[in-house]
Amino acid sequence: MWRAEWLRFWAELRFYRQMWISQLVNQLLITAGLFWVISLLSQPTLSGLAALFFWQYVSIPLSKISTDIWEESTSGAFEQMYLHAAQPAWVLVVRLSNYLLQQTAVAVPLFLAMALLFGFSLTDLAAYNWGGMLLTLGITLAGFIGLGLAVGGVLLIYRNAIGYTNALEYLLLFSSGAVVPLNQLPAFIQPVAWWLPLSLGIETLRRLENGGPWGLTLMGLAVQSVCMLALGLILFNLCLRRALRRGFAMSR
Amino acid sequence: MRNLHKSFPPRKVLRGVSVRLYEGEIVGLLGLNGAGKTTFIKLLAGLLVPEEGQINLLGRPLNPATVRTAVALMKEGQPSFSEFLTPRQCLLYYGHLLGIGNLETRVDQALEMADLRQFAERPLLELSFGTKRKTGLALAYLKGARLLLLDEASAGLDVKSVANLRSALRRYAQAGNTVLLTGHEMGFMEAVCDRVILLHEGRVKADGRLHELGKKYALQQFIEVWYEGEPLVGEVLEQENGLFRLKLDLHELGLLDGRRVRQVKLQQSVLEHLLQEVDRVEGRMA
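Residues numbered from 1 in each chain as written. Chains lettered and ligands numbered in written order. Predicted model: local features only at pLDDT ≥ 70, side-chain atom pairs only at ≥ 80, totals over all residues. Heavy atoms only, no water.

Trainee: Quick question: what am I supposed to make of the overall build of chain A here?
Mentor: What chain A contains, in helices and strands, is 11 helices and 0 strands. When the helices and strands of chain A are read in sequence order from the N terminus, they spell out α-α-α-α-α-α-α-α-α-α-α. Radius of gyration (C-alpha) of chain A: 19 Å, near the 18 Å computed for a compact globule of 252 residues. Across the 252 residues of chain A, 53% fall into the buried class. A separation threshold of at least 6 residues defines the contact pool for chain A, and within that pool the share at least 24 residues apart is 77%. About 11,600 Å² of surface is accessible on chain A, with carbon and sulfur atoms providing 70% of the total. When the 14 positive and 10 negative side-chain charges of chain A are each reduced to one mean point, those points stand 10 Å apart. (Helix = DSSP H or I, 4+ residues; strand = E, 2+ residues; numbered from the N terminus. Rg over C-alpha atoms; globule rule 2.2 N^0.38 Å. Buried < 20%, exposed > 50% of the residue type's maximum accessible area, 1.4 Å probe, protein only. Contact = heavy atoms within 4.5 Å. Areas by Shrake-Rupley, 256 points an atom, 1.4 Å probe, with all protein chains shown as cover. Lys, Arg positive; Asp, Glu negative; His and termini not counted. Charge placed at Lys NZ, Arg CZ, Asp CG, Glu CD.)

Trainee: I would appreciate a short explanation of the nonpolar core in the present structure.
Mentor: When a protein is soluble and globular, its nonpolar side chains tend to lie buried together. Formed by 154 residues in total, the largest nonpolar core has its most connected members in Phe-236 of chain A together with Phe-40, Leu-148, Leu-149, Leu-169, Leu-181 and Phe-188 of chain B. Ranked by residues supplied to this core, first place goes to helix 3 (residues 46-75) of chain A with 14 residues. Here this core spans two domains, and each of domain 1 (2-215) and domain 2 (219-285) of chain B adds at least three residues to it. Core analysis: the next-biggest nonpolar cluster, separate from the first, contains 8 residues, Val-233, Phe-244, Leu-246 and Leu-256 of chain B among them. (Core = buried A, V, L, I, M, F, W, Y, C linked by side-chain atoms within 4.5 Å. Domains from an automatic or database assignment.)

Trainee: What am I meant to see in the environment of Ala-161 of chain A here?
Mentor: Residue and element names in this part refer to chain A. Considering the arrangement of structural elements, one finds Ala-161 in the loop between helix 7 (130-157) and helix 8 (162-175). A C-alpha to C-alpha distance of 26 Å links Ala-161 and Phe-188, two positions 27 residues apart in sequence. Leaving out residues up to four positions away in the same chain, Ala-161 has contacts with Val-154 and Leu-155.

Trainee: How should I be thinking about the interface of chain A and chain B in this particular structure?
Mentor: By a frequent convention, interface size equals the accessible area lost on bringing the separate parts together. Residue-level contacts link 34 residues of chain A with 31 residues of chain B. Between chain A and chain B, roughly 2,700 Å² of surface is buried when both sides are summed, and carbon and sulfur atoms account for 62% of that area. On the surface where chain A and chain B come into contact, there are 0 salt bridges. On inspection of chain A and its partner chain B, the count reaches 7 residue pairs in polar contact (both at pLDDT 80 or more). Looking at the side of chain A that touches chain B, the elements that each hand over two or more residues are helix 1 (2-15), helix 3, helix 4 (77-84), helix 5 (88-117) and helix 11 (215-246) of chain A. Among the elements that make up the side of chain A that touches chain B, the one with the highest residue count is helix 1 of chain A (9 residues). Its residues assigned to classes, the side of chain A that touches chain B shows 16 nonpolar, 8 polar and 10 charged. (Buried area = accessible area lost by both parts, 1.4 Å probe. Salt bridge = Lys/Arg side-chain N within 4 Å of Asp/Glu carboxyl O. Polar contact = N/O pair within 3.5 Å; in protein donor to acceptor, adjacent residues only side chain to side chain. Nonpolar A, V, L, I, M, F, W, Y, C, P; charged D, E, K, R; others polar.)

Just geometry here; none of it tells us what the structure is for.
Next comes the structure, spelled out in structure tokens:
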């Protein structure tokens, strides 16, 4: 399966190389623009910049899995994949892993370049708790893979669900502390915001930089991510079973 | 397949379909739109589960593992593959997924057998619909699928592609495999199918070889004539502005006044008449 997906990954990368470049420019503009606005409103911090990259990076499972399912269901390729793979969910996760590798290769130099551009020194970068950041990132990603599978599963039976994927990504951006710290969000959002899948990850990042206690937050994040991953897998398989009873959404 | 039932509430799509397919035959699945053909194909491919009934493949109940190795499917109006892949990459991709050994050589063989070598390195997006269909056929060869399912087999294909597909399917069946296809191009279906199954409103209304069905339903070739004025012979099919569309036997043509004959057409498709006949009998004459 890894070989199959690796082959597919390279073929897709070669075919859509122009699109990757435009995506990179998009990513650069959005991140730089948002961070510039944030730095006008408050003291810019490395964790603030990291939070933006963090949001983009952990949102990948959500957007990638749902886009893949949407496009492949439209072309009939998803049904072919289902006919040839013992575990479709696993194929999607493997595909996602390849894509994340590619995004890592883009995001790391971009993050470093932007950090230097916004005035952070190499000393600041060297002092940053990269180990803690990577651990937080990994755990948050696991939860988001679950979320991606859940949304992807729903797409198998409700074709219009694709429209809500982007909305969900931006909801997470603005309500999870990536742009505005949670305690500065409107009061009615705050109780909910704490439980959003990105919030604990962003909060852990902030505490890592401020030197606050982060162990408990990370533990909470781990529990949340494991639950989301399990729920995502369960929901995906339930939706797949339902699709086999009612027909796949895009081919009904 | 025995007693298959499937519904998408409130509509009952299949109502007790029982069919047996044999090795080496090309079977055409016919029916008007909404007859249940695509649903039937999807059930065989394991893309839908029946509410009732049983599907056996190679002597065992249909399950995902059997489908993976023994069934190949090309669906209606869809490329069925990611279009940035070339036919060769497509085959390698699914070959890796299935864990097929000696893959490179087998992919070469499959491309050869599906007559795809010259297009093997071009992305599917740049290829014609017929060539995409051939990629599906090559995949069937690669995995050694015993059952090839083609929904709307000849739709969107030009004359040459149809001829190519016809001979490719024939070769595939001659290797001991079974092909089940649907289609609305009756000429193509007659030319390629050994046997036809006619579905009507979710039920099998006819099943047999063409000549058997022709005898059973007293189907014969006839002549269709547009005739000016009241005809003395033949069956009037429709009337429009003093012109009559008549159904005639060949010998009746000489009984008409040749000066009033506006158009003559030999109706050749037995299947088309079979469809109309069944539809007429069922009280839904098109």
